[in-house]
Amino acid sequence: DGMNVLFIVVDDLRPVLGCYGDKLVKSPNIDQLASQSMVFSNAYAQQAVCAPSRVSFLTGRRPDTTRLYDFYSYWRVHAGNYSTLPQYFKENGYVTLSVGKVFHPGVSSNYSDDYPYSWSIPPFHPSAEKHENDKTCRGKDGKLYANLVCPVNVTEMPGGTLPDIQSTEEAIRLLNIMKTSRQKFFLAVGYHKPHIPLRYPQEFLKLYPLENITLAPDPWVPKKLPPVAYNPWMDIRQRDDVEALNVSFPYGPLPEDFQRQIRQSYYAAVSYLDVQVGLLLNALDNVGLSNNTIVVFTADHGWSLGEHGEWAKYSNFDVATRVPLMFYVPGMTTSPVSQGAKVFPYLDPFSHVGGSAPQGQSKKVVELVSLFPTLADLAGLQVPPVCPETSFGVELCTEGPSLVHYFNVSEGKVQEGKEGCDNTARCFNEEPAAFSQYPRPADTPQWNSDKPKLKDIRIMGYSMRTIDYRYTLWVHFDPSNFSADFEDVHAGELYMMENDPNQDYNIYNNTSHGWFFKKLLD
């Protein structure tokens, strides 16, 4: 009880990390955190785009309850006055602090990052953030562009810095203040990279020689992919360097050498992020708070790196919905930590060799809507009740269960989880599933398919991921009353993970729709 919380959320980070088995990426500091944490290897976001995902996990409600599928409404006005995760900690006596991108800025958090409901003091935003989309990338001709691939010399940047560097500095400043104040705190730190543009200090390119970078394992658009499921990556096409390639819309592939450059820069941005996380965790050690601070590390959603001929997020595939999720809880995921012990010495990705395995790992399928109840549970607060089926009028409840019961069980037991099933149907019902969804304006890819405004949504793709399969239905959706009609199915997808881990072979149409499909539809 009485532990502080350091909540780290990263923009657009899929689990390309050493601790998730990626052999190429260098992420020694995040891996070190994982080596002291409970790591969930099958965690999924509820919608693969920034504002809807963040409002969903910060309120513990699904997008159909927040009614936010785009960027243009504030849930307290538009859906219900739902309490948030930081608000709950604030109401329980914590000082709550926000640094960087935690809520999505703008109308979806009331132009204030939901201050003063969620935060004790106004949230901090790095001043360099306003230059994110300026022309700061030097081209081969020496001129400046607004590119997708954008390694930079930091000293040449406006203010001589980058947003995530400023956020780390501010978070460390706040930790030093909290050390002396003796008040419990909930500090949320939101990092921008690897969100586009892939703008990071150029030295990180050295970690990833281009000849070591492969294409995606499945860089083609799958033959049986319904057109409604495809996201045409408009935000990528609008960057100067991609625009110059003149790629045909919507399926035209990017040149292979450029695909490699995007993947190289994404990895480089992840290593730059890892350094920021390393400096932040090292500061937690230095102020002597590693022994009484819970650390959570996650992302708002993933990002396609050429899989299925797609880039960016905006889809229901694992590459867009799967996120890293880990919890460091001193005395629970580690043996008790003595005051002032060094748990997180800073590791330099340029010189550090050797990985570290996660302390505990669960392959259970879990969802980000479980973050709120899990953190309340770990901090010894009363766990908010589970929401009733319709909860628009309920201020405090969550639509995901706490995950703490997965922490203490050895993996062998967790994996089984099927003892006591006397018939397949009951086993099926108890199988954990993660639900994600994505709206579309039309059955075929068009200019606003990635980010349709609420009034333009005509189809909702509801997707269900279990350990064995991903099942998606694209159904008619009426934005005027937020209703989905499961009788009116526009398209379906079914991928069996055992023999199709990359979700390339849709067997929805060549499977007899018997008992299995009826269970799924329910």
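Because the structure is predicted, anything quoted here is derived from the model rather than measured. One numbering rule holds for all chains: residues counted from 1, following each sequence as written. For a predicted model such as this one, the threshold for reporting local features is a pLDDT of at least 70, and the threshold for listing and counting side-chain atom pairs is 80 or more; totals across whole chains, interfaces and linings nevertheless cover every residue. Only heavy atoms go into the side-chain values, all of them from the structure, while hydrogens and water stay out.

**Q** Describe the overall build of the chain, with residues and values.
**A** Helix and strand assignments come from DSSP, with helices taken as H or I runs of at least 4 residues and strands as E runs of at least 2, each series counted from the N terminus. The number of helices and strands found in the chain is 14 helices and 17 strands. Its C-alpha atoms give the chain a radius of gyration of 22 Å, within 12% of the compact-globule value 24 Å for 522 residues. By principal-axis analysis of the C-alpha atoms, the chain measures approximately 65 × 65 × 45 Å. For every residue, the accessible area (1.4 Å probe, protein chains only) is compared with the maximum for its type, and the residue is labelled buried under 20%, exposed over 50%, or partly exposed between those bounds. Considering the chain as a whole, with its 522 residues, one finds that 61% of them fall into the buried category. At a minimum sequence separation of 6, the contacts of the chain that also span at least 24 residues come to 75%. Of the accessible surface of the chain, which amounts to about 20100 Å², a share of 52% is contributed by carbon and sulfur atoms. The averaged location of the 58 negative side-chain charges in the chain is 3 Å from the averaged location of its 45 positive side-chain charges. For this measure, only C-alpha atoms enter the radius of gyration; the expected value for a globule follows 2.2 Å times N^0.38, where N is the number of residues. A contact between two residues is defined here by any heavy atoms of the two lying within 4.5 Å. Only the protein chains shown count as covering a residue, and every accessible area follows the Shrake-Rupley method with a 1.4 Å probe. We count Lys and Arg on the positive side and Asp and Glu on the negative side, and we leave His and both chain ends out. One atom stands in for each charge, and that atom is NZ of Lys, CZ of Arg, CG of Asp or CD of Glu.

**Q** I'd love a proper account of the layout of surface pockets, names of residues and values included.
**A** Only protein atoms enter the 1 Å grid used here, on which a cavity is any set of points holding a 1.4 Å probe that cannot leave and a pocket is any open set flanked by protein within 12 Å on both sides along at least five of seven lines; residues with an atom within 4 Å of a point are listed as lining. Grid points are joined across faces, edges and corners, and a volume is the space filled by probe spheres set on the points. There is about 1300 Å³ of room inside the largest pocket. What lines the largest pocket is a set of 46 residues, and nearest its centre among them are Arg62, Glu367, Glu399, Phe435 and Asp522. By residue number, the principal contributor to the lining of the largest pocket is strand β16 (residues 469-478), which donates four residues. Along its surface, the second largest pocket is lined by 25 residues, and Arg14, Asp318, Val319, Arg322 and Asn502 are the ones closest to its centre. Secondary structure elements with two or more residues in the lining of the second largest pocket: β2 (38-44), α10 (318-321) and β13 (360-367). Counting residues per element, the lining of the second largest pocket draws most heavily on β2, which supplies three residues. Classification convention: Asp, Glu, Lys, Arg as charged; Ala, Val, Leu, Ile, Met, Phe, Trp, Tyr, Cys, Pro as nonpolar; all other residues, Gly among them, as polar. Split by residue class, the lining of the second largest pocket holds 10 nonpolar, seven polar and eight charged.

**Q** Give me the lowdown on the UniProt feature "domain: Sulfatase N-terminal" (unreviewed entry) in the chain, citing residues and values where you can.
**A** UniProt positions are given in the numbering used here, feature names are shortened, and annotations may be inferred rather than shown by experiment. According to UniProt, the "domain: Sulfatase N-terminal" (unreviewed entry) feature falls on residues 4-380. With 27% helix and 17% strand, residues 4-380 has its two end C-alpha atoms placed 11 Å apart.

**Q** Now, about the pairing of strand β17 (residues 483-496): what can you tell me, with residues and values included?
**A** A regular strand places its side chains so that they alternate between the two faces of the sheet. Only strands joined by at least two bridges in the DSSP assignment are considered to pair. Sheet topology places β16 next to β17; 10 bridges connect them, and they run antiparallel. Each bridged residue has a counterpart across the sheet, and for Phe477 the counterpart in β17 is Ala484. The turn joining β16 and β17, which pair antiparallel and follow one another in sequence, is formed by four residues; a positive phi near 55° is taken by Phe482.

**Q** Can you break down helix α9 (residues 256-286) residue by residue, with the values?
**A** Take the residue count of a helix, subtract one, and multiply by 1.5 Å to get its expected span. Taking 1.5 Å of rise per residue, the 31 residues of α9 would be expected to cover 45 Å, and the 45 Å separating its terminal C-alpha atoms lies within 8% of that figure. Once α9 ends, the next one or two residues include Gly288, with phi positive near 75°.

**Q** So, the packing of helix α6 (residues 163-181) against α9: which residues are in play, and what are the values?
**A** To obtain each axis, a line is fitted to C-alpha atoms, and for helices this fit is confined to the stretch in contact; angles are then taken between N-to-C directions over 0 to 180 degrees. Where α6 meets α9, the axes come as close as 9 Å, and the angle between the chain directions of the two elements is 10°. Considering the angle they form, α6 stands roughly parallel to α9. Each of Asp164, Ile165, Thr168, Ala171, Ile172 and Leu175 in α6 lies in contact with α9, whose residues at this interface are Tyr272, Gln276, Leu279, Leu280, Ala283 and Leu284. When grouped by side-chain class, the residues that make up the contact of α6 with α9 number nine nonpolar, two polar and one charged. Here the word oblique covers every angle except those under 35 degrees (roughly parallel), over 145 (roughly antiparallel) and from 65 to 115 (roughly perpendicular).

**Q** Can you lay out the packing of aromatic side chains for me, pointing to particular residues and giving the numbers?
**A** In this analysis, rings of Phe, Tyr and Trp, with Trp reduced to its six-membered ring, are considered paired at centre separations within 6.5 Å, and the interplanar angle assigns stacked below 30 degrees, edge-to-face beyond 60, and tilted for intermediate values. Counted by the stated rule, this structure contains 24 aromatic pairs. Pairing Tyr462 with Phe486 gives two aromatic rings, centres 5.3 Å apart and planes at 35°, and the pair type is tilted. Of the two residues, Tyr462 is situated in strand β15 (residues 459-465) and Phe486 in strand β17; the sequence distance between them amounts to 24 residues. Judged by relative accessible area, Tyr462 falls into the buried class, the value being 17%.

**Q** Got a sec to walk through empty space enclosed by the protein? Specific residues and values, please.
**A** Taken as a whole and judged by the stated rule, the model has three cavities of 30 Å³ or more. Approximately 40 Å³ is the volume attributed to the largest cavity. Lining the largest cavity are Gln47, Val49, Tyr69, Asp70, Phe71, Tyr438, Pro439, Asp450, Lys451 and Pro452. Broken down by class, the residue content of the lining of the largest cavity amounts to six nonpolar, one polar and three charged.

**Q** Run through the sheet that holds β16, naming residues and quoting values.
**A** An order of β14-β15-β16-β17 is seen for the four strands of this open sheet, with the pairing classed as antiparallel. One side of each edge strand has no neighbouring strand; the edge strands of this open sheet are β14 (434-440) and β17. For this sheet the average axis-to-axis angle between neighbouring strands, irrespective of direction, equals 20°.

**Q** Mind laying out the pattern of salt bridges, listing which residues take part and the relevant values?
**A** Only one rule defines a salt bridge in this text: a Lys or Arg side-chain nitrogen within 4 Å of an Asp or Glu carboxyl oxygen. Counting across every chain of the model gives 17 salt bridges. In this structure, the salt-bridge partner of Glu132 is Arg199, at a minimum N-O distance of 2.8 Å. Of this pair, Glu132 sits in the loop between β3 (95-100) and β4 (137-138) while Arg199 sits in strand β8 (residues 198-201); the two residues are 67 residues apart in sequence, bridging distant segments of the chain. Using a relative accessible area of 9% as the deciding quantity, one classes Glu132 as buried. When the shortest N-O distance is used, the salt bridge between Arg263 and Glu307 registers 3.9 Å. Note that Arg263 is positioned in helix α9 and Glu307 in the loop between β10 (304-305) and β11 (311-312), a separation of 44 residues in sequence. Here the salt bridges do not stand alone but share partners, grouping Asp11, Arg54, Lys101 and Asp300 into one network.

**Q** Go over the state of the cysteines, please, and point to the residues and values.
**A** Sulfur atoms of two cysteines make up a disulfide when they are within 2.5 Å. Enumeration over the complete set of coordinates arrives at two disulfides. Across the disulfide, Cys137 is cross-linked to Cys150 (sulfur-sulfur distance 2.2 Å). Taking the torsion about the sulfur-sulfur bond, which here is approximately -100°, the covalent link between Cys137 and Cys150 counts as left-handed. Taken together, the positions of Cys137 in strand β4 and Cys150 in strand β6 (residues 149-152) put the pair 13 residues apart, joining distant regions of the chain.

**Q** An account of the side chain of Gln87 is requested, with residue identities and associated values reported.
**A** Tracing the backbone shows Gln87 in helix α5 (residues 85-91). The class of Gln87 is buried, set by a relative accessible area of 7%. Among the polar contacts made by the side chain of Gln87, one reaches the side chain of Arg76 at a distance of 2.9 Å. Residues within four places of Gln87 in sequence aside, it is in contact with Arg76, Tyr82, Tyr117 and Ser118. Side-chain atoms alone can form a polar contact between residues adjacent in sequence; in general such a contact is a pair of N or O atoms within 3.5 Å, and within protein one must be able to donate a hydrogen while the other accepts it.

**Q** How would you sum up the environment of Ser335? Please name residues and give values.
**A** Within the secondary structure, Ser335 is located in the loop between β12 (322-328) and β13. As a C-alpha pair, Ser335 and Leu174 span 161 residues in sequence and 27 Å in three-dimensional space.

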